[in-house]
Amino acid sequence: MNPSRGKAEAARRLRDTIAAQFGRSLHIRTLDTGSCAVCEQEIRLLAAPHYDLQRLGFFFTPAPRHADLLLVTGPMIRAFDVAARKTYEAMPGPKVVVATGACALGGVYPKDPFVHGNVGEVLPVDVWIPGCPPSPLALLQGLGVAVGRLAERTPGLTFIAGPAADGGEA
Amino acid sequence: MNPLDILYGAGGAWLAAAVTGLLAGSWRPGLRACCGLSALAGAAATGAGGWSLVYGDTRVVAPGPATITGGPLQLQMTSLAGVFVALLGIVAVAIALYVPRYHEPSRGTGVYLAACNLALLACLAVLAAGGMVTFLVSWETMSLACYLIILRHPRSGETARGAFWFLALSEIGFLLVVAAFVIVSAKTHATELDVIAARGHLVPGGWRAAAYLLALTGFGFKAGLVPLHVWLPEAHPVAPADGSAFLSGVVVKLGTYGIALFAFRLVPAAGSWPGLVTMGAGAVSAAIGILYALRERDIKRFLAYSTIENTGIIVTAFGAAMVFHAYRLSALSAFLLIAGLYHVANHGCYKTLLFLEAGVVEHATGTRDMDRLGGLVHRLPRSTVIAFVGTLGIAALPPLNGFVSEWLIFQGLFQGFRTGSHLTAILIVLAAATLGLTGGLAIYAFVRGFGIPYLGMPRTPKAAAAREPGQPVAGPALLAVACAALAVGAPVMLGALSRTAHTVTGTSLGPLLLPGKLTVIPAHTNFSAFSPTYLTVFLVAACAVPALIYLAGRPRAASVSVPVWDGGMVSFRPRMQYSAMTFSAPTRVTFDALYRPSVSVRRASDDDPAGRSGPVHYEAQVTPVFDRYLYRPVIRAVEWLADAIRPMQSGDVNLYLLYVFLVILLAYLLGAV
Amino acid sequence: MPLWFVRGLRRGVVTTRYPARRDDSAAWLPTPPAFRSRQLTREAADRMVAVCPSLALSRRDDILVFDVGACTACGWCAEAAPDVVTSSGEFELAATVRSALIKEIPIQGDEP
């Protein structure tokens, strides 16, 4: 479902379509492609009472056949290629892929014979959530962006701070 | 023209087929000729049986040619035997259609076919016997012919053992049956079955009971009542598929025919306890049969134990009919007799079908072990469909015939409260509960028996190599059609059987069984009702609803076809599927006390000094309870007795002369007295 | 069981109202750095690039390329150049396009 890279406008249209379908009820399947499992701990906290995923209409499911969204962590080790592709293909469309964690986004582990480094090499990723690990709040924001309930803020951030003040958003 | 003339024709054709088989069995045309004659005879027998069901009152006694005993060969065609004769006919036709593609023409096949047709003839003679001697001679001929059938492939000690168990238990049963017949014949001073039945009141109560118990045990050996059943799982796997089919489909039913003959015609009991004993024996057989079936990997042993289960169901129905008769509830008694006979016909059809299909599987893959099969639905599609029909029937699932007959039996048993005696009612309820357990376990067992070999992926290359062309299809297909016909045409069948019941018990059910054209009620209008025809139509229509929904609301987007979700594994191996033994593991755990499995586990790491891991061997053996605790002691006692008597045969001439002298002395003394 | 229920009632609702309302605990989250462009020298940039363990920083001429997606918020760049780096406080960083997470920070500290 992911259009070829660079077509942000098409992606936005797609997001609107998905938001109409998924906005109120979304089933998430997590996929660990070789992470250190701290991202998984943060993801697991989402279901705990403090963050409570289910009040927003999101649910975890182990079966890809029932899933709408694939939440991928880990640097995509090469040994996991087949399983990742099979999981992605087993999900019925429309489906969304969210990569989360610094490893999955290409940091920490460069590409080498054992590791792709970037989940986007194997799966078509729709939303990227940085963090190491991403806090549950960041994950909630990312999921909200993925279903179109929240607006993306990253394009507007510059990470350039003023001379003497704290914070650095423009 | 009466059924007996048709039977003469059928008998003659089978005799001709036997001779043809013996002489010309080594050539393919000879084989086909033999099978053709056999099929003709089968069709004639079906016709005769059906005729005698429809025109139930036809009962002709015709003195035939003289037998070796000097008396006339007495034949008659009763309507009780009518069901069995019709079943015999249909099974014969199916097997005759099956044999040409299954057996290779050879000398051994010729002898085998001769034995088969002789056995068919002997079965016909048993069913058409009008006199005691005819019955017994035909019975023994049938046993011997079946022994030859089992010995078709004497390539291993296993075959000899299976055949020997069959013969030994047949002979013991025959002895008891002879004793039973001798008792009733001596007391009524007659050898014709009709006369014995008419003079039944001359037999005093104690002798009646003894005769009935002897008959129950003697025929129980043949029918397969527990604990007299041990020959079934030994003999069925080693016999060729059509031989096993014949054994389970017809020969075992003849045992139940014998029980019904004694229970309803010759020595109908005044008290209820013979019926209760019969019912109890049947219920126990049913439960134990299916429980042992769940531990079998060999398809034929599994089906053999299932035969024991179904015999138990039939005998339970007959026993309950006897109980109701003793309490003067003649409508219910007739109803359960009808139900039992209907189950005889149904089981004969689908069990024969399943054995023939087991033969096809063995022929195509070379193995009978369920854990080595799998995926046959893709390789043997027609056989799978036919086997599926048989499985639906035997698991008693609507809309097929097994469901109808088991429904009838249950409805009859549920009305045990009408007897008025608390003890009897409780015992009948217990029998019904046992049959309920059996029914549930039967579904479980046959999901396993159909799913593991036919569905899924092939577990071994042998299973993957199975090919459809050249496999026999016509015979099993005929039986599948018969199963469906027995289901949808249940009202017709029940109408015919109610005429049989009228002839046998003197009670006419008529509107108490079939109030409308298509509805069946269990002998009382206020209990329950059910229509097999409407049920079939409804189920077929219900299957059409999802199809219609799909067609109407078909998704417009292109659909993608991806492999089955297997957890993302890189290579999914067929051995990762359910195996037959793991599927039935819950019963092993629950009924551990019955199976008493002896488990041995050997780990390669036990032997290795460094404790390195390696293959683990797991072996679980069900304790052969009846063999060890019933038969072995009897065999040991007989051997001990023989050893004790052996000194008499010392070989010493002087001792023998002493024996002669003593006997002469005894004769003088007796003469003087 | 009843004790647990009563205890829970006394504590009240602990669920966060995010994203409808701000969550106060967000103030304690480790977040990616923000850079003071005016104080960023080439030499400081090179020091930070050398020390970053997750390949998030690299220098291209007069631009410090900062990959927010690769940043683990470890703080080593802050130790290497304390006057340049400050915490950005941003944790809502989801992006639909990967390139939106690659930020360019002009190196303006060398100019007089």
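The structure we're discussing is the one just above.
Procedures and definitions
Residues numbered from 1 in each chain as written. Chains lettered and ligands numbered in written order. Predicted model: local features only at pLDDT ≥ 70, side-chain atom pairs only at ≥ 80, totals over all residues. Axes fitted to C-alpha atoms, helices over the stretch in contact; angles between N-to-C directions. Helix = DSSP H or I, 4+ residues; strand = E, 2+ residues; numbered from the N terminus. Parallel < 35°, antiparallel > 145°, perpendicular 65-115°, else oblique. Left-handed = near helix turned anticlockwise from the far one by under 90°. Contact = placed C-beta atoms within 7 Å. Nonpolar A, V, L, I, M, F, W, Y, C, P; charged D, E, K, R; others polar. Expected span 1.5 Å × (residues − 1). Buried ≥ 20, exposed ≤ 12 C-beta atoms within 10 Å, placed from the backbone. Pairing = 2+ DSSP bridges. Right-handed = clockwise from strand over helix to strand, strands pointing away.

Colleague: Can you tell me about the packing of helix H13 (residues 330-365) of chain B against helix H16 (residues 401-414) of chain B, naming the residues and giving the values?
Modeller: All names here are of chain B. Contact geometry of H13 with H16 gives a least axis separation of 9 Å together with a crossing angle of 155°. By the angle between their directions, the pair H13 and H16 is classed as roughly antiparallel. Handedness of the crossing formed by H13 with H16: left-handed. Residues Leu 332, Phe 335, Leu 336, Ala 339, Tyr 342, His 343, Asn 346 and Tyr 350 of H13 form the contact with H16, whose participating residues are Asn 401, Gly 402, Ser 405, Leu 408, Ile 409 and Gly 412. Taken together, the residues of the contact of H13 with H16 sort by class into eight nonpolar, six polar and no charged.

Colleague: I'd love a proper account of the interface of chain B and chain A, names of residues and values included.
Modeller: Facing four residues of chain B, the contacting portion of chain A comprises eight residues. A per-class count over the side of chain B that touches chain A returns three nonpolar, one polar and no charged.

Colleague: Residues and numbers for helix H4 (residues 107-127) of chain B, please.
Modeller: Every α-helix winds through 3.6 residues per turn, so residues three or four apart in the chain are directed the same way. Across its 21 residues, H4(B) extends 31 Å between first and last C-alpha, which sits within 8% of the 30 Å expected from 1.5 Å per residue. Of all 21 residues that make up H4(B), 18 are buried, and the element is covered over most of its length.

Colleague: Any chance you could break down the packing of helix H5 (residues 132-150) of chain B against helix H6 (residues 157-188) of chain B for me, citing the residues and the numbers?
Modeller: Residue and element names in this part refer to chain B. Here H5 crosses H6 at 175°, and the two axes come no closer than 10 Å. Classed by the angle they form, the pair H5 and H6 counts as roughly antiparallel. Where H5 abuts H6, its residues Met 132, Leu 136, Trp 139, Glu 140, Ser 143, Cys 146, Tyr 147 and Ile 150 lie against Gly 162, Ala 163, Phe 166, Leu 167, Ser 170, Phe 174, Val 177, Val 178, Phe 181 and Ser 185. Along the lines of polarity and charge, the residues of the contact of H5 with H6 split into 13 nonpolar, four polar and one charged.

Colleague: If you had to explain the sheet that holds strand E4 (residues 96-100) of chain A to someone new, which residues and values would you point to?
Modeller: Residue and element names in this part refer to chain A. One open sheet accounts for five strands, arranged E2-E1-E3-E4-E5; its pairing is parallel. Of all strands in the sheet, those bounded by a partner on one side alone are strand E2 (58-60) and strand E5 (127-129). The sheet shows a mean angle of 30° between the axes of neighbouring strands, direction not considered. In the sheet, strand E1 (residues 26-32) pairs with E2 via three bridges, with the strands oriented parallel.

Colleague: How would you sum up the pairing of E4(A)? Please name residues and give values.
Modeller: All names here are of chain A. Within E4, five of the five residues are buried, which leaves it mostly tucked inside the rest of the structure. Residues Val 96, Val 98 and Thr 100 line one face of E4 and the alternating positions Val 97 and Ala 99 line the opposite face, and both faces are buried. Pairing geometry for strand E3 (residues 69-73) and E4, over four bridges, is parallel. Note that in E4 the partner of Leu 69 across the bridge is Val 96. Between the parallel pair E3 and E4, the chain is carried across by helix H3 (residues 81-90), and the sense of this crossover is right-handed. Relative to E5, E4 runs parallel, the two being bridged by three bridges.

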